Structures are given as structure tokens and as C-alpha cells.
Amino acid sequence: MVTDRQLMNAINFDGKSAAELRARIERALIAEGKVRRVKALAMKAVSDLPIAGQEREAYASEAYAEAVAEEASAAAALEELKAARAHARLTIDIWRTLEASHRVVSSYP
């Protein structure tokens, strides 16, 4: 059973979380770009090495590890919000189904 309070909370959350979703998507995209930039800068710093050596040095750098951790954090936060929004929408769908069933049962004498 979905209470009126649960329904209203789900509706409010779904509507109000749109701006937060946008911000988290932006943060995730920026973090993804930062990983590529950090790798490129680290490879540039050792440009005298062959490409494989440049990549090895880039992956081993502390800046790359920090950028990857930041990307993972941003991606996790985005997925957490997506899951919460999906839960809110599921709550609304369950309420709709229950209400439709209730109307059908109430219409019989």
C-alpha cells in the first residue's frame, strides 16, 4: 500500500531533484574530461618516451589516480540520484495501479 504521504514525497522529490540531476550529470562529465586531461598532461610531461611508456607514467601518476577517484565519486553520486528518482517514479506507478484497481472494484455493485 502506498500512503498519501509517500505519494506526495515521491512526486515532490521527482520534481525537485531535476536540478540536482543536472548538476550531477555536469559534475560527472567534467570529472570524465578531467581524467583525459590529466592523462594527456602526464603523457606530455614524459613526451620523450614511447607512447606505451608515456601511458604507463600517466597511469602511475598521483594526479591521474586522484582524477579517477573524483570521476568514480561523481559517477556514483549520479547513479544514486538516478536510482532514487526511479524509486520515486515506481512509487507513483504503484499508486496509479492501486487506484485503478480500487476504481474497478468500487464500480461493481
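Draft legend 1. Main features of the confidence of the model for the chain. On average, residues of the chain carry a pLDDT of 95, and 99% of them reach 70 or more. Here helix H3 (residues 62–107) is the element of the chain with the lowest mean pLDDT, 94, and helix H2 (residues 51–60) is the one with the highest, 97.

Draft legend 2. Region of interest: the pattern of salt bridges. Summed over all chains, the structure comprises ten salt bridges. The partner of Lys39 in a salt bridge is Glu55, and the shortest N-O contact between them spans 3.1 Å. Taken as a pair, Lys39 in helix H1 (residues 4–45) and Glu55 in helix H2 lie far apart in primary sequence, 16 residues in all. Across the pair Lys82 and Glu79 runs a salt bridge whose closest N-O atoms are separated by 3.7 Å.

Draft legend 3. Expanded view of the packing of H1 against H2. The N-to-C vectors of H1 and H2 enclose an angle of 125°; their axes lie 8 Å apart at closest approach. When the axes of H1 and H2 are compared, the pair comes out oblique. As H1 runs across H2, the sense of the crossing is right-handed. Of H2, the residues touching H1 (which contributes Lys39, Ala42 and Met43) are Ile51, Gln54, Glu55, Ala58 and Tyr59. Class assignment of the residues belonging to the contact of H1 with H2 gives a composition of five nonpolar, one polar and two charged.

About the cut-offs
- Residues numbered from 1 in each chain as written.
- Predicted model: local features only at pLDDT ≥ 70, side-chain atom pairs only at ≥ 80, totals over all residues.
- Heavy atoms only, no water.
- pLDDT = per-residue confidence, 0-100.
- Helix = DSSP H or I, 4+ residues; strand = E, 2+ residues; numbered from the N terminus.
- Salt bridge = Lys/Arg side-chain N within 4 Å of Asp/Glu carboxyl O.
- Axes fitted to C-alpha atoms, helices over the stretch in contact; angles between N-to-C directions.
- Parallel < 35°, antiparallel > 145°, perpendicular 65-115°, else oblique.
- Left-handed = near helix turned anticlockwise from the far one by under 90°.
- Contact = heavy atoms within 4.5 Å.
- Nonpolar A, V, L, I, M, F, W, Y, C, P; charged D, E, K, R; others polar.

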